[in-house]
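Here are the chains, one letter per residue:
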Amino acid sequence: MLVDNYDLIKFEDLQIKNMVQNHHLAKSISDAGWYQLMNLTEYKAAYAGKFVEFVNPAGTSQTCICGFSVPKKLSERIHRCPNCGLVMEEIKYLQM
């Protein structure tokens, strides 16, 4: 679905191997299959002539798609940009 609908797909370049060392999160992170999702998406995109980019995750939740900085506390789950008016709730899961 991602490759069919988007020409450019961006993932945060997360250090998953380091993240699973946290014993409280390891099972959830492993179960989520993030690494597999990124690798398969990159493969399918290349085959379809589309692009996948891996971006530095530093501050990605603090920057709106318009480029405006929107600082939030970790507990805040709704993005509200005063610059462009974009409001987005936390994405719980991706329906495919």
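Right above here is the structure, for reference.
Residues numbered from 1 in each chain as written. Predicted model: local features only at pLDDT ≥ 70, side-chain atom pairs only at ≥ 80, totals over all residues. Heavy atoms only, no water.

Draft legend 1. Highlighting the side chain of His 79. Within the secondary structure, His 79 sits in strand E3 (residues 78-80). For His 79, a relative accessible area of 11% translates into the label buried. Of note is the side chain of His 79, whose polar atom sits 3.2 Å from the side chain of Lys 72. Each residue touching His 79, except ones within four places of it in the same chain, is listed here: Cys 64, Val 70, Lys 72, Leu 86, Val 87 and Met 88. (Helix = DSSP H or I, 4+ residues; strand = E, 2+ residues; numbered from the N terminus. Buried < 20%, exposed > 50% of the residue type's maximum accessible area, 1.4 Å probe, protein only. Polar contact = N/O pair within 3.5 Å; in protein donor to acceptor, adjacent residues only side chain to side chain. Contact = heavy atoms within 4.5 Å.)

Draft legend 2. Region of interest: the environment of Cys 81. Relative to the assigned elements, Cys 81 resides in the loop between E3 and strand E4 (87-89). Sequence spacing of Cys 81 and Phe 68 is 13 residues, and the spatial spacing of their C-alpha atoms is 7.6 Å. Contact partners of Cys 81, with chain neighbours within four places excluded, come to Cys 64, Cys 66, Phe 68, Val 70 and Leu 86.

Draft legend 3. Fine view of the pairing of strand E1 (residues 8-12). Here E1 shows one buried face, formed by Ile 9 and Phe 11, and one open face, formed by Leu 8, Lys 10 and Glu 12. Across five bridges, the pairing between E1 and strand E2 (residues 51-55) is parallel. Along E2, the bridge assignment pairs Ile 9 with Val 52. (Pairing = 2+ DSSP bridges.)

Purely spatial values, then, with no claim about function.
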